[in-house]
Each structure stands twice: as C-alpha cells, then as structure tokens.
Amino acid sequence: MPERIFNFSPGPAVLPYEVLRQAAVDIVNFRDKGIGLIELSHRSKEFMGVVEETEALIRENLGVPAGYRVLFLQGGASSQFFMIPMNFLGAGKKATYLNTGVWSKKAIKEARLFGEIDVAFSSEETKFNRVPRDDEYTVDPASEYLYFVSNNTIYGTQFQSFPQTGSMLVSDMSSDILSRPVDVGRFGIIFAGAQKNMGPAGVTIVIIREDILDRSPDNIPTMLRYKTHADNGSMFNTPPCFAVYCVGLVMKWLKESGGVEAIEKINNEKAALLYSAIDTTDFYRGHAEPASRSRMNVSFNLPTPELEARFITEAAAEGLDGLKGHRSIGGCRASIYNAFPREGVAKLVDFMEHFARVNG
Ligand SMILES: *Cc1c(COP(=O)(O)O)cnc(C)c1O
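Residues numbered from 1 in each chain as written. Predicted model: local features only at pLDDT ≥ 70, side-chain atom pairs only at ≥ 80, totals over all residues. Heavy atoms only, no water.

## With respect to the site of the ligand
Every one of the 13 residues lining the ligand counts as a neighbour, but Ser78, Thr153, Asp172, Gln195 and Lys196 are closest to it. Side-chain polar atom of Thr153 to an oxygen atom of the ligand: 2.5 Å apart, as the coordinates give it. At a separation of 2.6 Å, a nitrogen atom of the ligand approaches a polar side-chain atom of Asp172. With the chains in place, 87% of the 390 Å² that the ligand exposes on its own is no longer accessible. In terms of residues, the shell around the ligand owes the most to one element, helix 3 (residues 76–88), which gives 4 residues. (Near = heavy atom within 4 Å. Polar contact = N/O pair within 3.5 Å; in protein donor to acceptor, adjacent residues only side chain to side chain. Areas by Shrake-Rupley, 256 points an atom, 1.4 Å probe, with all protein chains shown as cover. Helix = DSSP H or I, 4+ residues; strand = E, 2+ residues; numbered from the N terminus.)

The structure is reproduced here in structure tokens:
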C-alpha cells in the first residue's frame, strides 16, 4: 500500500484498505453484472440483497436483539438531534440530557423546540473534560428518555459504562459504535453517522426499539417519522446506496477480524499505548480526565500553541496526518477508530517521544 499514509482524521475517517479496493472494483462493475454499483436501481434484487446483507451483518456484529429495527437514514447524525424529540416529545412531554460536549449541546438545542428538556449534568465549565458518574445526576421519572453521547469525538471523553436508569436510553454513538460490545436491549434508540467507524459519509444508522415506533405524533412530516422508514425497509425513498454498501463491506471486514470483542481488545491496546506516551512526560497533557478517557479520540496539548502547530506540521511530514484538534478546543487529537492500524499508533508514539526530546 505505498500510496497510503496514517490518517488520524476524526471523520470522515480511515477505512480498511481491502474495503476501499473492493469498492473501487464494484463501483465500475458490481459482481460482474456489467453495471456499476451506483448505477443500479435501489429496487433491483442485487441492491436489495446488499441492504439485507448489510443489515444482517450489523445485527450480528452488534448483537441487535429481536424487537429492534435497523434503519438507513440520511441527513447525518445531526438530523437525529431533531428527529428524536420530534417523534418522542411534544406538548407536556419532557426528556433528560447529559451535556458532555458540542454534539450533546446541539442535540439539546433542537430538543428544546419540541419539549421540556432537563439538562441533568454538564461538564461545560471544565471544557467538557469528563463524563458523569451515575451518582452525579438524577433522571426525572417523567422523562420520556435519557439522552447521552457515548463518545465525545472532540474532547476525547467516553462513557466507560452506560447510565444505570429506569429511563429509556437514547444514545449518539457516532464515534464509537462497534468499537466495544453494547447491550442493545437497554436502549430505545442508538444512532450513528457512518463516517467515523462504519463507512463513508452519507448514511446514518438508526437502531430503534420496535414498540416505540407508534408513539410519534400525527402532525410530523412523513419523511421524518421513524415508522415510515421501518415500514418500508429504509426504501421509502432512494437510500444512499453507495454508503450503505460500503457499510456492508466494513461489517464483513469487522466480522472477519473477529468481531466487536476482538476489535475492542485492539482498540484498548492502541489507546493504552498513546495515553502512556502522554503520561510519561510533562510535555504532553491529556485533555480528558483519566477516568473519562476515550479509546477512539485522544485529545492532548503541548506546552504552547506554537509547539502544537509545529508538532502537527512535522508529524504530517512523517506521514502522520490529521492530528489537529477541533477548532473549539485547539491542541492535537489522534482519532484511532477500528480501522486505524496499530503500526500507525506505534509510529505516532515514536514521533511524540522524539519531538518531546528535541523541543522539551
Ligand atoms: C461527527 C459527529 C456528529 C455529526 O455527524 P454528522 O453526520 O456530520 O451530522 C454527531 N455526533 C457525534 C458524536 C459525532 O462524532
């Protein structure tokens, strides 16, 4: 793979090389049909087969139990910020949100258009450097659901375990879905934009408990109603065919790599390597409190913004790309999703040691 470098981009993010090669073939001639994948009717039996296989692999990899639907939607993860409250709130209804970063804040803003929102925890005052412990917030029993972001892509924090509450859990898992086992049966809705850990941009995976599909009010647009998509197998309108197909390839790759449990071990090792490089010197400072550290996005600072800029430039020259932190907190961030290779983390750690020695 001479043309590849190590891509630490937060999203769209690195995909397995085999997946890209297969997609490059299929986009021209899908399974020897003489038609490229993105030229096929979405109602053709070939493409319907792709959707079925992709759904089956998501179910298998994530352990989605019976009684849940898997939907392929558009509008990005961000459209779920309003679709969820639009479908499950309304006059006199309330929900509880945990505010752990930019993505939860945006979701809270949208949810307030549709109901009463109780923000039961916020780490905004400490620049979202942690997620709450269970004993730091309470959920009003009148809440329709408890909403949280399982991994905060920008700040590099992650719920190490999921909230223990009687309330229905709703989670934005855009940046850590399929990176670790999840007991899906505890959730009402799990959603994820594909472009972090599952595929290219363009499709949002929504896993939703079947029995809540009928709760939506009558006066919402057809396209924005979950039941519409559930009743039509995500084929109410033209789905994002190419993105769905690529998610299917990534699911196959994940299954062949040993599944979520195997990838979790590798993810833990990759993250441990990187955090230990941060912790062994005073030169680097991790943004997240240790108990909240993400295994997908590692955000850290150097002593000055000038050193950070030099670090990012020199790393890029070594084939370590995409290490600039999000504009809201600056600094550096290494995103090391499922498809990010261990050798890339090792190379970054070597570079960090070298850079600290020269500049520290
Ligand atoms: C990237 C991201 C989003 C936004 O996704 P879009 O598909 O661009 O709308 C939402 N939530 C989290 C946790 C993210 O990482």
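## A few points about the pairing of strand 3 (residues 94–99)
Of all 6 residues making up strand 3, 6 are buried, and the element is well covered by its neighbours. Neither face of strand 3 is open: one carries Lys94, Thr96 and Leu98, the other Ala95, Tyr97 and Asn99, and all of them are buried. Handedness of the strand 3-helix 4 (residues 102–111)-strand 4 (residues 116–122) crossover: right-handed. The sheet contact formed by strand 3 and strand 5 (residues 143–149) spans 3 bridges and is parallel. Following the sheet pairing, Lys94 is matched in strand 5 by Ser143. (Buried < 20%, exposed > 50% of the residue type's maximum accessible area, 1.4 Å probe, protein only. Right-handed = clockwise from strand over helix to strand, strands pointing away. Pairing = 2+ DSSP bridges.)

## Overview of the packing of aromatic side chains
Overall, the coordinates contain 23 aromatic pairs when judged by the stated rule. Considering the side-chain rings of Phe351 and Phe355, the 5.8 Å spacing of their centres and the 35° angle between planes classify their relative orientation as tilted. Of this pair, Phe351 and Phe355 both sit in helix 9 (residues 342–359), separated by 4 residues, roughly a single helical turn. Connected via pairs of aromatic rings, a cluster forms that spans Phe81, Tyr97, Trp103, Tyr145, Tyr147 and Phe191. (Phe/Tyr/Trp six-rings, centres within 6.5 Å; stacked < 30°, edge-to-face > 60°.)

## A closer look at the domain arrangement of the protein
Many analyses report the size of an interface as the accessible area lost when the parts associate. Domain boundaries assigned for the protein yield domain 1 (20–256) and domain 2 (258–359). The distance between the C-alpha centroids of domain 1 and domain 2 comes to 27 Å. The interface of domain 1 with domain 2 comprises 27 residues on the first partner and 26 residues on the second. Counting the surface lost from both domain 1 and domain 2, the interface buries some 2200 Å², and carbon and sulfur atoms represent 52% of this. Taken together, domain 1 and domain 2 are joined by 0 salt bridges. At the boundary of domain 1 and domain 2, one finds 19 residue pairs in polar contact (both at pLDDT 80 or more). Broken down by element, the residue count for the side of domain 1 that touches domain 2 peaks at 4 residues, all from helix 6 (residues 241–256). Partitioning the side of domain 1 that touches domain 2 into residue classes produces 9 nonpolar, 11 polar and 7 charged. (Domains from an automatic or database assignment. Contact = heavy atoms within 4.5 Å. Buried area = accessible area lost by both parts, 1.4 Å probe. Salt bridge = Lys/Arg side-chain N within 4 Å of Asp/Glu carboxyl O. Nonpolar A, V, L, I, M, F, W, Y, C, P; charged D, E, K, R; others polar.)

## Some details on the sheet that holds strand 12 (residues 297–301)
The 3 strands lie next to each other as 11-12-14, forming an open sheet whose pairing is antiparallel. Two strands close off the open sheet at either side, each with one partner strand: strand 11 (285–286) and strand 14 (332–335). Bridge analysis of strand 12 against strand 14 gives 4 bridges, and the strand direction is antiparallel. Each residue of the ladder has a partner; that of Asn297, found in strand 14, is Ser335. Most of the contacts of helix 7 (residues 259–279) go to strand 12, to which it runs at about 10°, and overall it touches strand 11, strand 12 and strand 14. (Axes fitted to C-alpha atoms, helices over the stretch in contact; angles between N-to-C directions.)

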